[in-house]
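# A closer look at the structure
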Amino acid sequence: MVNRSISFMKLDKLLIWMILLGAALLRAISPDQAEERLIIPDGLEYAVSSVNFVRGMGYVLVINGASYPPRYYPFGYPLCLAPFYFFLGEKLGNGVFCTFSFSMGTLLLLFFLTRKLFGEKVALWATFFLALSPLHIYWSRVIMADVPSCFMALAAVGVLLGKEIKPKRLFGVGMLIGVAAWLKYLNLLFFPICALFLLLRRGKVKEKLSSLISFASGMIVSLIPLLLYNQRTFGSPFRTGFSFWTPEWVRWENIFSTRHAFQSPPLPAHAPLPSLLVFGQFLLGIVFPRDWNPYSFFLTPFIGVGVWKILREAGSQKKRNREFLLFTFLATGFLYIFFSFYYAQNVRYFMPVVPLLLIVAAVGFDHLFSRWPVTLQRSILLLSGAMLIASPFVLWKISGTSSARRSYVDLIRNNTEKNASVITGWDPVSFSHEIQEGTKRRYMPLSKKLEYVHEPFHPDPKRKISFFVAPQELESIEKLIASKHPIYIDERSCQNYSLECALLKEKFSFKEIASRNGVQLYRLEKR
């Protein structure tokens, strides 16, 4: 039988560099854009705590001049951000270069892992699919720990599926999982996944127990710095920022519940639907409004073909490739069940398994591709190249830059006295870091709904934060104005919290002082 498959593997080095270049262009974003896209509170805390660390202040947030530990997050990702702020400057948006580096590292890691397991052609397809993954692109352009977590998970899989699963190798896998927990506590979920994988592999019971001990030992060793940090900061190795900031909320029934699986959970970030349904459709590649799906729906059938291909293959690679498939579906299934009962609904939780599923899809796609007519193969290659070239230009066009954050900072800093009070819809961490720092400006939240303001904060009473929420302190504001103390408010805050602002307008007149990019700054005066 004549092999009708076209040979493009002589260009393998050129092709992988083309894919990486296209992926880099899709993930490229300026620090200004990244700063505008800061996710509050997550991305903001990562960036600000890292800058404070670079300044020698420690891994802390500063609110009203006092230092506090970040609310929920371990120190791993801010430590990764620190070199970028040290060398590139303290502009918060510079942290996105760290995410970008991990993103490109994940693509390279995926290529080498897939090539080791399934060969060069499959590796190229898998890397191409991840390069165009909407989920991976989106989270590669923000200061968040999800893409670095994806890199660490893929690295652990690469070490786990080496030529032989030896105790030293498993110790290394455990250390990688422990270090991944420095980035996000949820990465500890890979401990039960890996443990279950080791138990389900073929082999003697004694060998399985030895494997588990080596794996667990590595993870425990790498967790020691995190446990020591928790002990020193929160008084117990098993306490975190959750128990420090929201002790009344941190209860098992609040975090996990069957109602989250069958009803929309408290924090639905994607669709007002039960998590079982949302995450199930997500894993099938079905797109929701506001969703960043892992891959287009047309790849789902290729995952099925890839499973069939891996299960029926023979040869020296058969065992290792089947083990890869076992791990992929154990990890995907475990995360699906776990997060279906979780209090928050966000598809980024599945980021670590997306590259694994795309490898399976690449296996299935390559199997079918080699059997299609040469004309169709050439058309697909041309279309793939066109997508890789055109996608960055499309993304750049639809993701324009807003200047709201920088405009707000400049508006307040340039047009208010250094001892002024500012009524605002901004959170206190942003305000303290970018406006209050180095001055005696006073932060007055416009609403109790703001991040950090609404938290039921119950730590040491000596360090307790109290906020002067403006609509609840009208008489106090009136006394401050009578004493000639300057008090300001901006139009954007009024737009975001119109009801609260209306209470102030009933009592005070707003005198326009300055304007920047269509945002007005007012000074409060007595009527």
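A few points on the structure. (Residues numbered from 1 in each chain as written. Predicted model: local features only at pLDDT ≥ 70, side-chain atom pairs only at ≥ 80, totals over all residues. Heavy atoms only, no water.)

## Points about the overall build of the chain
In terms of helices and strands, the chain carries 24 helices and 9 strands. Taken over 527 residues, the chain has a buried fraction of 55%. Here the analysis covers contacts within the chain between residues at least 6 apart in sequence; of these, 70% occur between residues at least 24 apart. As presented, the chain carries roughly 24000 Å² of accessible surface, and 62% of it is formed by carbon and sulfur atoms. (Helix = DSSP H or I, 4+ residues; strand = E, 2+ residues; numbered from the N terminus. Buried < 20%, exposed > 50% of the residue type's maximum accessible area, 1.4 Å probe, protein only. Contact = heavy atoms within 4.5 Å. Areas by Shrake-Rupley, 256 points an atom, 1.4 Å probe, with all protein chains shown as cover.)

## Some thoughts on the nonpolar core
Residues F327, Y342, I423, I477 and I489 are the most contacted members of the largest nonpolar core, which totals 164 residues. A total of 11 residues in this core trace back to one element, the largest contributor, which is helix α18 (residues 354–369). Contact partners of Y342, with chain neighbours within four places excluded, come to L186, I255, F256, H260, P265 and Y349. (Core = buried A, V, L, I, M, F, W, Y, C linked by side-chain atoms within 4.5 Å.)

## So, unusual backbone geometry
Omega for the peptide link from I40 to P41 comes to 15°, which places this bond in the cis form. With respect to the helices, strands and loops of the structure, P41 is situated in the loop between α2 (31–36) and α3 (42–54). If you check the backbone angles, K484 has positive phi at about 70° while not being a glycine. Its relative accessible area of 71% is what places K484 among the exposed residues.

## Concerning the pattern of salt bridges
Pairs can form between side chains of opposite charge once their charged atoms are near each other. Applying the stated rule across the entire model yields 12 salt bridges. Measuring nitrogen to oxygen at the nearest pair gives 2.7 Å for the salt bridge that ties D32 to K91. You can see D32 sitting in helix α2 and its partner K91 sitting in the loop between α4 (76–88) and α5 (96–118), a full 59 residues away along the chain. The exposure class of K91 is partly exposed, given its relative accessible area of 29%. Close ionic contact of R348 with D42 constitutes a salt bridge, the shortest N to O distance being 3.8 Å. Of this pair, R348 sits in the loop between β4 (344–345) and α18 while D42 sits in helix α3, and the two are 306 residues apart along the sequence. Under the relative-accessibility criterion, R348 is labelled buried at 12%. A single salt-bridge network, built from bridges that share partners, covers D42, D146, K184 and R348. (Salt bridge = Lys/Arg side-chain N within 4 Å of Asp/Glu carboxyl O.)

## Observations regarding the pairing of strand β9 (residues 519–526)
Of the pairings in the sheet, the one linking strand β7 (residues 487–490) to β9 comprises 3 bridges and is antiparallel in character. Note on β9: the bridge partner recorded for I489 is Y522. (Pairing = 2+ DSSP bridges.)

## Some words on the state of the cysteines
Within the structure shown, the criterion is met by 1 disulfide. At a sulfur-sulfur separation of 2.3 Å, the disulfide partner of C494 is C501. One quick way to see it: the torsion about the S-S bond of C494 and C501 is about 55°, and its sign makes the bridge right-handed. Looking at C501, the relative accessible area reads 3%, which means it is buried. C98 takes part in no disulfide bond, and the closest cysteine sulfur, belonging to C80, lies 5.2 Å away. (Disulfide = S-S within 2.5 Å.)

## Side note on a positive patch on the surface
Together, K116, K166, K168 and R169 make up a region of like positive charge exposed at the surface. Turning to its location among the elements, K166 is positioned in the loop between α8 (146–160) and α9 (167–183). (Patch = residues over 30% accessible without salt bridge, like charges linked within 9 Å, V, L, I, M, F, W, Y side chains within 5 Å. Lys, Arg positive; Asp, Glu negative; His and termini not counted. Charge placed at Lys NZ, Arg CZ, Asp CG, Glu CD.)

## Some thoughts on the environment of S296
If you trace the backbone, S296 turns up in the loop between α15 (275–283) and α16 (300–312). Sequence separation of S296 and P134 is 162 residues, and the distance between their C-alpha atoms is 8.6 Å.

## Some points on the sheet that holds β7
Here 5 strands make up an open sheet; going across it, the order is β6-β5-β7-β9-β8 and the pairing mixed. Two strands close off the open sheet at either side, each with one partner strand: β6 (442–445) and β8 (508–516). Between one strand and the next, the sheet's axes are offset by a mean angle of 30°, whatever the strand orientation. Relative to the sheet, helix α22 (residues 474–482) contacts β5 (421–424), β6, β7, β8 and β9, its axis offset from that of β9 by approximately 85°. Where helix α24 (residues 498–507) meets the sheet, its contacts fall on β5, β7 and β8, and the angle it forms with β8 comes to roughly 115°. (Axes fitted to C-alpha atoms, helices over the stretch in contact; angles between N-to-C directions.)

## Considerations on the packing of aromatic side chains
Counted by the stated rule, this structure contains 40 aromatic pairs. Feature note: the residues F256, F279, F282, F334, F338, F339, Y342, Y343, Y349 and F350 constitute an aromatic cluster, connected by ring pairs. If you follow R348 out to its NZ or CZ, it ends over the ring of W139, 5.3 Å from the centre. Over the aromatic face of F468 sits the side chain of R442, whose NZ or CZ is 4.5 Å from the ring centroid. (Phe/Tyr/Trp six-rings, centres within 6.5 Å; stacked < 30°, edge-to-face > 60°. Lys NZ or Arg CZ within 6 Å of the ring centre and 35° of its normal.)

## Some points on the packing of α5 against α8
For the pair α5 and α8, the least separation of the axes is 9 Å and the interaxial angle reads 25°. With respect to α8, the element α5 is oriented roughly parallel. For the crossing formed where α5 meets α8, the hand is left-handed. Residues T99, F102, S103, G105, T106, L109, L110, L113 and K116 of α5 touch α8, and the partners they reach there are V147, P148, C150, F151, L154, A155, V157 and G158. (Parallel < 35°, antiparallel > 145°, perpendicular 65-115°, else oblique. Left-handed = near helix turned anticlockwise from the far one by under 90°.)

## Quick notes on helix α11 (residues 205–234)
Maximal helix bending in α11 amounts to about 40°, located at I224; proline P225 follows within four positions. The positive-phi residue at the C-terminal boundary of α11 is G235, with phi of around 90°. (Bend = angle between axes of the 7 residues up to and from the residue.)

## Focus: a nonpolar patch on the surface
A cluster of nonpolar residues, F171, M175, V221, I224 and L228, forms a patch on the protein surface that exposes about 410 Å² of accessible area. It is α11 that provides the largest number of residues to the nonpolar patch, a total of 3 residues. Residue class for F171 comes out partly exposed when judged on its relative accessible area of 31%.

The values reported here are purely geometric and, on their own, carry no functional implication.
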